[in-house]
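# Inside the fold
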Number of protein chains: 2
Amino acid sequence: MKKILYPGKEQWDSLTERPTLSYSDIEETVKLIFKEVQQKGNSAVKKYTSFFDGIQLEELEVSATEIEKAVNQLPEELKQAITIAKENITQFHAMQKKSKQEIETMEGVNCWIENKPIQKVGLYIPGGSAPLFSTVLMLAVPAKIAGCQEIVLCTPPDKEGNINPAILYAANLCGVTKIYKVGGIQAIAAMTFGTETIDKVYKIFGPGNQFVTVAKQVATQYNVAIDMPAGPSELLVFADNTANAEFVASDLLSQAEHGPDSQVILVTTSEKIQSSIQKEVKKQLEALPRKTIAAQAIENSKLIVVKDINEAIEFINLYAPEHFIVCSQDEEFFIDSIYNAGSVFIGNYTPESAGDYASGTNHTLPTNGYAKNYNGVNLQSFMKSITFQKISPKGIQNIGKTIEIMANAEGLDAHKNAVTLRLKSLGNEN
Amino acid sequence: MKKILYPGKEQWDSLTERPTLSYSDIEETVKLIFKEVQQKGNSAVKKYTSFFDGIQLEELEVSATEIEKAVNQLPEELKQAITIAKENITQFHAMQKKSKQEIETMEGVNCWIENKPIQKVGLYIPGGSAPLFSTVLMLAVPAKIAGCQEIVLCTPPDKEGNINPAILYAANLCGVTKIYKVGGIQAIAAMTFGTETIDKVYKIFGPGNQFVTVAKQVATQYNVAIDMPAGPSELLVFADNTANAEFVASDLLSQAEHGPDSQVILVTTSEKIQSSIQKEVKKQLEALPRKTIAAQAIENSKLIVVKDINEAIEFINLYAPEHFIVCSQDEEFFIDSIYNAGSVFIGNYTPESAGDYASGTNHTLPTNGYAKNYNGVNLQSFMKSITFQKISPKGIQNIGKTIEIMANAEGLDAHKNAVTLRLKSLGNEN
């Protein structure tokens with residue numbers, strides 16, 4: 001852990017820096033696989049599944065029998081936990097539904113804005129050691145509430161060609177339309193172009209390794225939208241003397257176990273709590289099964305002492321953390337003043353794990369400073385708003401002159417003429 | 001005009017195709033200028049302003065005196081029109097303000113979502129023959145309502161180093177923080193990296209030629225967000241026998257005058273109205289000052305006759321037009337069934353020009369089929385939502401077990417431990 005006492009502002013830029021990711025090597029591989037999937041469809045997808053995942057698949061789609069088997073196989077306790085989490089996530093995202101907003105800006109000029117679902121969405125769920133069934137909930141629940149017609153899910157198979165049953169259970173529970181045993185670059189390419197089996201989608205969501213991240217960026221060159229750019233996960237905790245050092249340490253470690261490149265930062269106004277937290281981290285680290293991974297992230301973590309809460313919030317807004325935990329007697333100040341963060345966890349009894357799994361908020365959040373300009377996934381991520389206007393004859397008489405003058409000043413005569421013709425037909429001559 | 005009668009579905013993909021834009025040549029130039037602006041700041045910006053705009057500038061920032069002069073110089077009639085448009089745009093975007101949404105998902109588990117402005121935004125306004133002061137209104141008004149702290153505007157100077165007074169008037173009226181005489185690639189680079197004079201921004205908005213479009217795409221590689229990908233402007237009109245052929249023709253032409261690559265499409269269920277509109281277009285075209293430009297777009301326009309309104313809406317949703325005019329006795333059907341469009345104009349007295357300038361809706365809209373996955377600029381484009389959660393001791397006791405089970409199933413022990421420690425402190429032992 002790097003202890004940094006009262007850093008001057010000239011140091012802030014370097015303190016908020018994230019590791020630079022170089023994607024140029026990967027990009028070539030990604031473009032190669034994209035081209036092949038675009039041209040050869042399923043056969044290219046199967047070829048790369050065999051190459052990367054070590055399994056030669058006959059069928060890409062998960063069958064009803066496989067889903068049924070997963071449902072039967074999953075421990076009852078886990079099914080219940082998933083169901084409770086789903087219920088909370090549903091409540092939080094259903095609350096975000098917006099009805100049509102309408103206004104008559106001038107007499108006879110009616111304008112409104114209305115949300116419509118994105119019709120086809122693709123969800124990517126990584127495989128590997130940790131089966132992220134929680135991410136299935138975070139993406140499929142809002143997609144369903146939004147009313148997306150097709151919800152496609154891609155996730156890599158294991159060496160026997162199976163998908164983790166918790167992932168299948170969650171996907172089935174949430175109403176995913178189709179589940180495919182496809183991972184990595186070939187999954188993103190398949191959802192971008194479509195194949196004989198896999199339908200092309202309009203927007204791709206979900207986390208992934210660096211290959212998936214670059215593949216999602218490349219997908220945007222083919223008219224597909226993505227949820228957000230990705231980077232390693234991050235946690236910043238602000239703690240003062242009212243914080244529980246043991247709890248804060250456990251939160252820092254839960255971030256650290258994600259991977260050696262996880263970003264872990266403590267900001268505090270108290271050298272005393274800083275020192276207690278540091279001790280607690282060392283103690284708890286020893287007991288962790290993923291100790292080796294967590295130790296590397298903790299090695300690079302920063303414990304920063306600043307002079308007061310004003311300096312603290314200024315630094316935090318500059319850093320723009322993905323996850324921001326506040327354990328402070330001044331929590332109201334931080335709630336009001338935080339501008340750049342993905343999700344905020346308030347008080348000693350609100351661990352990041354709560355939002356990661358079950359409180360109801362979404363865990364797909366902007367990293368790498370993107371909390372300055374992006375939000376996390378929410379209901380609106382699966383929708384887009386269309387504006388409408390309907391103008392009556394009276395309305396065009398009220399607004400027509402304004403349009404004519406502006407169109408004329410911009411040198412667009414046909415724009416003006418479209419109004420002039422209508423005004424003339426109503427007996428208004430210029 | 002290409003008349004297409006009852007096309008089979010096998011033709012739909014080619015009918016909805018847009019011109020393919022090749023950016024690879026431009027990208028090299030863009031990256032070169034980006035690198036130079038990143039390294040040399042103002043001096044690089046001035047060098048390229050001299051090169052592209054033919055003027056050697058001393059000061060990049062527009063002075064208070066220049067703004068005052070513009071305000072005095074602008075015709076009173078135009079000032080009034082701009083003020084009326086601004087008022088309508090303000091009403092429509094202020095209506096979109098959202099207050100905090102809060103829910104207790106379980107007893108003691110409080111979650112909420114709240115909008116915060118993006119702190120620094122950059123607006124790009126193209127120069128050239130048509131001074132797009134209307135775009136200043138469309139971007140600066142919602143930025144101000146959102147509460148963005150810094151609203152920077154870049155627009156290229158003319159050969160005398162001046163900015164069109166209507167642009168200055170509108171920018172000043174809407175509360176733009178700083179106006180710079182910088183255009184093209186160097187403007188986007190300056191807002192991406194910042195220079196000695198120009199502040200780095202978090203999100204860049206606004207239209208531009210192909211150089212600006214590619215520059216905005218490159219900017220996204222440097223942690224800057226952009227409003228949306230861009231392409232040539234588009235209009236699709238659905239008209240049946242209740243449509244006024246003269247009016248529809250004037251709308252098609254107002255789209256056509258934007259440029260030779262403008263996309264102009266008529267979809268109809270009536271061969272009779274199709275033929276009347278075709279005649280009207282020819283007639284009105286003759287009288288237009290921008291006739292040469294409009295004629296080229298009209299040459300490539302498509303007049304498509306389909307068998308019924310169901311086929312019509314299916315085609316329209318596949319095309320996903322930027323602007324969609326509906327002149328039909330079945331307007332309610334189209335309002336309900338349209339999923340993919342930027343903005344919709346309803347009835348014979350609602351020309352596209354109304355939304356372009358003054359009805360109140362935003363004219364910065366998705367083109368090139370992006371209406372399938374993006375919306376136009378609205379209030380939310382200048383904001384992002386942060387989620388918050390606060391869990392009480394009672395709350396963590398209610399939700400704790402669920403989190404522990406899920407974290408355990410995903411193999412993330414430190415995540416589980418963050419909850420276990422808190423439960424233990426409350427006397428709940430496992």
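Under an unreviewed UniProt entry, the name given to chain A is Histidinol dehydrogenase, and the source organism is Flavobacterium luminosum. Listed under Function (unreviewed entry) in UniProt, the entry text for chain A is "Catalyzes the sequential NAD-dependent oxidations of L-histidinol to L-histidinaldehyde and then to L-histidine." Under the Sequence similarities (unreviewed entry) heading, UniProt states for chain A: "Belongs to the histidinol dehydrogenase family."

## Section: the pattern of salt bridges
Within the structure shown, the criterion is met by 28 salt bridges over all chains. K307 of chain A serves as the salt-bridge partner of E311 of chain A, at 3.2 Å between the closest nitrogen and oxygen. The exposure class assigned to E311 of chain A is buried, which follows from its relative accessible area of 14%. Accessibility expressed as a relative area gives 57% for K307 of chain A, which makes it exposed. Where E331 of chain B meets K390 of chain A, a salt bridge forms, and the shortest distance between an N and an O atom there is 2.3 Å. Here E331 of chain B, found in helix 14 (residues 331-337), pairs with K390 of chain A, found in strand 14 (residues 383-391), and the two come from separate chains. Judged by its relative accessible area of 34%, K390 of chain A falls in the partly exposed class.

## Details of the sheet that holds strand 8 (residues 225-226) of chain B
Residues and elements named next belong to chain B. On the basis of which strands lie adjacent, the open sheet formed by five strands has the order 6-5-4-7-8 and parallel pairing. On the outer flanks of this sheet lie strand 6 (178-180) and strand 8, each paired with one strand and no other. As judged from the five bridges shared by strand 4 (residues 120-124) and strand 5 (residues 150-154), these two strands associate in the parallel manner. Across the sheet, G122 pairs through a bridge with V152, a residue of strand 5. The sheet strands contacting helix 6 (residues 133-146) are strand 4, strand 5 and strand 7 (203-205), and the helix crosses strand 4 at an angle near 170 degrees.

## A short note on the side chain of Q278 of chain B
Residues and elements named next belong to chain B. With respect to the element layout, Q278 can be found in helix 11 (residues 271-286). According to the relative accessible area criterion, Q278 is buried, its value standing at 17%. In contact with Q278, other than residues within four places in its own chain, are M1, K3 and L303.

## Quick word on the environment of P142 of chain A
All names here are of chain A. Secondary-structure assignment places P142 in helix 6 (residues 133-146). Exposure remark for P142: the relative accessible area of 0% places this residue in the buried category. Sequence-wise, P142 and N362 are 220 residues apart; in three dimensions their C-alpha atoms are separated by 9.3 Å. With near-sequence residues (within four places) excluded, P142 lies in contact with H93, L137, N362, L379 and F382.

## Here we look at the packing of aromatic side chains
Each aromatic ring pair is specified by the distance between its two centres and by the angle formed by the two planes. Taken as a whole, this structure holds 26 aromatic pairs over all chains when the rule is applied. Measuring from ring centre to ring centre gives 5.1 Å for F51 of chain B and F52 of chain B, while their planes differ by 80 degrees; the resulting arrangement is edge-to-face. Pairing F205 of chain B with F382 of chain B gives two aromatic rings, centres 4.1 Å apart and planes at 15 degrees, and the pair type is stacked. Of this pair, F205 of chain B sits in strand 7 while F382 of chain B is found in the loop between helix 15 (352-357) and strand 14 (383-391), placing the two residues 177 residues apart along the sequence. Look at F205 of chain B and you get buried, because its relative accessible area is 0%. One aromatic cluster in this structure is built from F238, F324, F333 and F334 of chain A. Positioned above the aromatic ring of Y319 of chain A, the side-chain terminus of R18 of chain A is 3.6 Å from the ring centre. A cation sits over an aromatic face here: K9 of chain B above W12 of chain B, 5.2 Å from the ring centre.

## Concerning the nonpolar core
One recurring pattern in soluble globular proteins is that nonpolar side chains are buried together. In this structure, V121, L123 and F382 of chain B are the most contacted members of the largest nonpolar core, which totals 63 residues. If we ignore the near neighbours within four places in the chain, the residues touching F382 of chain B are P117, I118, V121, L123, L139, P142, A143, A146, C148, F205 and V377 of chain B.

## Looking at the side chain of Q101 of chain A
As for its placement among the helices and strands, Q101 of chain A is situated in strand 2 (residues 101-106). Given the relative accessible area of 17%, Q101 of chain A is considered buried. With residues near it in sequence (within four places) discarded, Q101 of chain A still touches C111, W112 and I113 of chain A together with M95, Q96 and K97 of chain B.

## Section: the sheet that holds strand 12 (residues 323-327) of chain B
Here nine strands make up an open sheet; going across it, the order is 2(A)-3(A)-14(A)-13(B)-12(B)-9(B)-10(B)-11(B)-1(B) and the pairing mixed. The open sheet has two free edges, formed respectively by strand 2 of chain A together with strand 1 (2-5) of chain B, since each of these has just one partner strand. Adjacent strand axes in the sheet meet at a mean angle of 20 degrees, parallel and antiparallel pairs treated alike. Where strand 1 of chain B lies against strand 11 (residues 302-305) of chain B, four bridges are found, and the strand directions are parallel. Paired with K3 of chain B across the two strands is L303 of chain B, which belongs to strand 11 of chain B.

## Looking at the UniProt feature "active site" (unreviewed entry) in chain A
All names here are of chain A. Those places that UniProt annotates as "active site" (unreviewed entry) correspond, in this numbering, to E322 and H323. Relative to the helices and strands, E322 is located in the loop between helix 13 (309-319) and strand 12 (323-327). Setting aside its immediate chain neighbours within four residues, E322 contacts S233, E234, A341, G342, S343, H363, L365, P366 and T367. Following the sequence through the fold, H323 ends up in strand 12. Judged by its relative accessible area of 3%, H323 falls in the buried class. With residues up to four places along the chain from it excluded, the contact list for H323 reads S233, E234, L235, L236, Q255, S343, F345, E352, D356 and L365. Among the polar contacts listed, one links the side chain of H323 to the backbone oxygen of E234, at a separation of 2.7 Å.

Cut-off values and rules
- Residues numbered from 1 in each chain as written.
- Chains lettered and ligands numbered in written order.
- Predicted model: local features only at pLDDT ≥ 70, side-chain atom pairs only at ≥ 80, totals over all residues.
- Heavy atoms only, no water.
- UniProt positions renumbered as here; feature names shortened; annotations may be inferred.
- Salt bridge = Lys/Arg side-chain N within 4 Å of Asp/Glu carboxyl O.
- Buried < 20%, exposed > 50% of the residue type's maximum accessible area, 1.4 Å probe, protein only.
- Helix = DSSP H or I, 4+ residues; strand = E, 2+ residues; numbered from the N terminus.
- Pairing = 2+ DSSP bridges.
- Contact = heavy atoms within 4.5 Å.
- Axes fitted to C-alpha atoms, helices over the stretch in contact; angles between N-to-C directions.
- Phe/Tyr/Trp six-rings, centres within 6.5 Å; stacked < 30°, edge-to-face > 60°.
- Lys NZ or Arg CZ within 6 Å of the ring centre and 35° of its normal.
- Core = buried A, V, L, I, M, F, W, Y, C linked by side-chain atoms within 4.5 Å.
- Polar contact = N/O pair within 3.5 Å; in protein donor to acceptor, adjacent residues only side chain to side chain.

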